[in-house]
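# Survey of secondary and tertiary structure
This is what each chain is made of:
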Amino acid sequence: MASRPDRFIFPLIAVGYTAYLVGESFVKHFHASTITYGLVLAAPIFLLAGWVLWTEYRGPKPAAPGAEPTLEASGDVVRASRRRLEIWPSPMARNVMFVGLAVCFIMTTGVLGYFLAFFLFTGLSALLLGARSPWAVLGTALGMALVVHFVFVGFLGLKLPAGLLAGLI
Amino acid sequence: MDGLMLLMQSFWLVPLGVMVGLVVGAIPGLSPPNALAAMIPVLVMLPPEAGMIFCVSLYVGAEMGNSFPAVMINIPGTAAAAVTALEGYQLMKRGEAARALGVCIMASFIGAAIGGIASISSAPLLAKLALKFSAVEICIIIVFGIAVIAQVSVGGLAKGLLAGFFGLLLATTGTDPLWGQLRGTFDIPYLFDGFSKVAILVGLLGFSELLMIIERSNLPAGAEVQQSRGTGFSEIAIGLKQVLIRPVQCLVASVIGVAVGLIPGAGGSAASLVAYQQSHAMAPPEVKKKYGKGAYEGLLAADAANNAMVGGALVPLLTLGLPGSATMAVVLVMMQYHGLEVGPRLFDLHGDMAYAVLWSQFLAAPFILVFGLALSSVAHKVAYVPNNLLVPVVGAFCIIGALARDQYLFDVWVMLIFGLLGYLMKRNGYPVIALLLGVLLGSYFEGNLFRGLRMGHGSAMIFFERPIALVLELLLLAVIVAPLVSGWKRRRRKRAGGHPNGDAV
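Residues numbered from 1 in each chain as written. Chains lettered and ligands numbered in written order. Predicted model: local features only at pLDDT ≥ 70, side-chain atom pairs only at ≥ 80, totals over all residues. Heavy atoms only, no water.

A few words on the overall build of chain B. Across its full length, chain B holds 22 helices and two strands. Looking at the 505 residues of chain B, the share that counts as buried comes to 63%. Sequence separation of 24 or more characterises 78% of the internal contacts of chain B that already satisfy a separation of 6 or more. Working note: accessible area of chain B is about 17,500 Å², and carbon and sulfur atoms make up 66% of it. (Helix = DSSP H or I, 4+ residues; strand = E, 2+ residues; numbered from the N terminus. Buried < 20%, exposed > 50% of the residue type's maximum accessible area, 1.4 Å probe, protein only. Contact = heavy atoms within 4.5 Å. Areas by Shrake-Rupley, 256 points an atom, 1.4 Å probe, with all protein chains shown as cover.)

Attention now goes to the environment of Gly25 of chain B. All names here are of chain B. Mapping Gly25 onto the fold places it in helix α2 (residues 13-26). A relative accessible area of 0% places Gly25 in the buried class. Put simply, Gly25 and Ile417 are 392 residues apart on the chain and 27 Å apart in space, counted from C-alpha to C-alpha.

With that settled, consider unusual backbone geometry. Residue and element names in this part refer to chain B. Of note, the phi angle at Phe186 is positive, near 55°, even though the residue is not glycine. By the element assignment, Phe186 lies in the loop between β2 (182-183) and α10 (197-216). Since its relative accessible area comes to 43%, Phe186 is described here as partly exposed. The backbone of His457 sits at a positive phi, close to 55°, despite the residue not being glycine.

Its twelve residues place the ends of helix α3 (residues 32-43) of chain B only 14 Å apart at the C-alpha level, less than the 16 Å of an ideal helix rising 1.5 Å per residue. With ten of twelve residues buried, α3 of chain B is to be regarded as a mostly interior element. Among the residues of α3 of chain B, Pro32, Pro33, Asn34, Ala35, Leu36, Ala37, Ala38, Ile40, Pro41 and Leu43 of chain B are the ones counted as buried. In the core, the buried residues of α3 of chain B are packed alongside α5 (134-155) of chain A together with α2, α4 (48-65), α10, α16 (326-337) and α19 (387-403) of chain B. (Expected span 1.5 Å × (residues − 1).)

Residue and element names in this part refer to chain B. Overall, the coordinates contain zero disulfides over all chains when judged by the stated rule. No disulfide involves Cys104; its sulfur sits 11 Å from the nearest other cysteine sulfur, which is in Cys250. Residue classification places Cys250 among the buried positions, given a relative accessible area of 1%. (Disulfide = S-S within 2.5 Å.)

Residue and element names in this part refer to chain B. By the definition in use, this model includes eleven salt bridges over all chains. Taking the shortest distance from any N to any O, the salt bridge between Arg466 and Glu137 comes out at 2.8 Å. Placement of Arg466 in the loop between α21 (432-455) and α22 (467-495) and of Glu137 in helix α8 (residues 135-152) is noted, with a sequence separation of 329 residues between them. The exposure class assigned to Glu137 is buried, which follows from its relative accessible area of 1%. A salt bridge links Arg183 to Glu446; the shortest N-O distance between them is 3.0 Å. Placement of Arg183 in strand β2 and of Glu446 in helix α21 is noted, with a sequence separation of 263 residues between them. Each member of the pair, Arg183 as well as Glu446, is classed as buried. (Salt bridge = Lys/Arg side-chain N within 4 Å of Asp/Glu carboxyl O.)

Okay, the side chain of Ser33 of chain A next. For Ser33 of chain A, the location among the structural elements is in helix α2 (residues 32-58). Exposure remark for Ser33 of chain A: the relative accessible area of 18% places this residue in the buried category. Within polar-contact distance, the side chain of Ser33 of chain A engages the side chain of Trp179 of chain B at 2.8 Å. Setting aside chain neighbours within four positions, we find Ser33 of chain A in contact with Leu178, Trp179 and Phe450 of chain B. (Polar contact = N/O pair within 3.5 Å; in protein donor to acceptor, adjacent residues only side chain to side chain.)

Looking now at a positive patch on the surface. Residues and elements named next belong to chain B. Positive charge collects at one region of the surface, where Lys489, Arg490, Arg491, Arg492, Arg493, Lys494 and Arg495 lie side by side. Inspection of the secondary structure assignment puts Arg493 in helix α22. Among the residues examined, Arg493 registers a relative accessible area of 34% and is labelled partly exposed. (Patch = residues over 30% accessible without salt bridge, like charges linked within 9 Å, V, L, I, M, F, W, Y side chains within 5 Å. Lys, Arg positive; Asp, Glu negative; His and termini not counted. Charge placed at Lys NZ, Arg CZ, Asp CG, Glu CD.)

Moving on: the packing of aromatic side chains. For the structure on display, the rule yields 21 aromatic pairs over all chains. Here the aromatic rings of Phe98 of chain A and Phe121 of chain A are separated by 5.8 Å at their centres, their planes lie at 45°, and the arrangement is tilted. One end of the pair, Phe98 of chain A, is in helix α3 (residues 91-112); the other, Phe121 of chain A, is in helix α4 (residues 114-128), and 23 residues separate them in sequence. Relative accessible area serves as the criterion here: at 0%, Phe98 of chain A is assigned to the buried category. Taken together, Phe10, Tyr17 and Tyr20 of chain A together with Phe166, Phe186 and Tyr430 of chain B form an aromatic cluster joined through their ring pairs. (Phe/Tyr/Trp six-rings, centres within 6.5 Å; stacked < 30°, edge-to-face > 60°.)

Residue and element names in this part refer to chain B. For Ile146, the position within the fold is in helix α8. Taking relative accessible area as the criterion, Ile146 reaches 3% and is therefore assigned buried. Along the primary structure Ile146 and Gly160 are separated by 14 residues, whereas in three dimensions their C-alpha atoms are 7.8 Å apart. Residues within four places of Ile146 in sequence aside, it is in contact with Gly164, Leu168, Leu437 and Gly438.

A cluster of nonpolar side chains, namely Leu142, Leu146, Val147, Phe150 and Val151 of chain A together with Val42 of chain B, defines an oily patch on the protein surface of about 440 Å² accessible area. By residue number, the principal contributor to the nonpolar patch is α5 of chain A, which donates five residues. Along the polypeptide, Val42 of chain B turns up in helix α3.

The description of two helices packed together rests on the angle between their axes and the distance between the axes. Residues and elements named next belong to chain B. For the pair α10 and α21, interaxial distance at closest approach is 10 Å and the crossing angle is 175°. In terms of orientation, α10 and α21 fall into the roughly antiparallel class. In contact with Lys197, Ile200, Leu201, Leu204 and Leu205 of α10, α21 contributes Val432, Leu435, Leu436, Val439, Leu440 and Ser443. Tallied by class, the residues present in the contact of α10 with α21 amount to nine nonpolar, one polar and one charged. (Axes fitted to C-alpha atoms, helices over the stretch in contact; angles between N-to-C directions. Parallel < 35°, antiparallel > 145°, perpendicular 65-115°, else oblique. Nonpolar A, V, L, I, M, F, W, Y, C, P; charged D, E, K, R; others polar.)

Below you can see the structure in the form of structure tokens.
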């Protein structure tokens, strides 16, 4: 299996964030015990990250896509078909778009309001992932928006912005 | 008795949880921790014992529900049912699908009942023992829990420990509990109280799994869904009987499930694999030949173990505050959300609640039998919920989960970031649960560490002077060193030209 460049990202994130926290504790003159605790955690992180980066650089054995390494994974999980996702051939492109939709949701909820934001997020995600039946897409999107409205906002009392539909819902 | 009385007030949640769990377990791609993470906004609104009872009931139901698609279409509902697929699908191909489902249902019922008995009887004893644990021992237990998870992770010990320690470091974000200094907040007011644990949980377990599902869904053309077969009740009854005439195998598998569940981080897949291997080892030669081709013994071992595991996983959570599995990590988040005493004092301060949760697992067992039998005829159909509708709905629930606590959009960003982090980790063999445990237990670890140092008047020697602490440290050392030694031996055998694994399994 070809090696992937993303195998270095997590240890680099760990090292970078640790270095930031330790540096901050010195720059802001934290109490000695706080600095010491930070160093106690930083030392194994630096050592382990260094070891992992070294082993990945020397002989990467990237995990198969979908291999969750802890406790809920097994070796040969054979999946028979679900319906093929037909719009995007590249799984990475689908993932990027799905995350992009989530980002758009966050950025627009304040303006659009929760009902429209959830409706659009669910509907557009379903279309992105290859749902073709307009009734299925509309039904799922509307159903999700209604569940949020009645269960979470109405029954559980979450205070979410109504946005463009203020006064109507 | 108080626990049972408390359970009766929320008893309606037991069958509801089992029912939802059956559906969740039956849908490949949805697992109990993912589903619970998405349901967190609802669960935290319930009284604490009600939320916990629902979680446990859902977990029990899911460990049964995961068998349905495993048997009918060779797709395990969760990874814990991988062994079920191995044997059950072969039985289906022989036209014995109904019998296989009957075996799964009865084995799950017996496993859940034994797991419940084991947890009810052992938890109070363990709680008394746990009270002897001071701040020093608790610190070591937390590191031990992370090390065990790291050790069983596919990516290896180093990756597991890195994830765990990074989680402990992330938990320092926010206000220093001793001196009130702001750590790692980037001057963002939303971080003054630290990261939202619910948002992290939902992101790491829920959102990251959606990204994995999207990535995995690009299947090669030509993959076919197998025809499902009819399921008559008389055939199912034959399957039920197959378990009842093998009580010893069922009991052994259940005990293995409880034991594996006690190990923090082990989970259902480890329990079912170990039980399956043991049943194979114990089987007479003529039965051994059937393994892999549809052996009732293998099937019942796997299903009994992965249900009994639930009872085992409850014990470290309720007695030591250490979640025994990812699902128990969700329960831990709920306990922390409600301000419950996490750790050995739970039985002292909220004993009725702890017993209510323990009893719920035992009482959920008969509902597995009832609902399992009722659903067996339509079980396979739930596996056909298409991903392109499932993923957006679960994604929306992840967003609402992040918003549930404080309704800050910032928490949705946190959920998204940890979702991406979790996705990267899963792609590259890092155990997400180790990071999650570090985050959840980090402040607990820090508080106990400083308390321990104060007990030792500032000297770290206190960590080497207490007998229980020494035993735990030796176990910790064994957990860390053992895989290194076995790896070295394997490499030495390989260099010498032998089989790298020595004895084949």
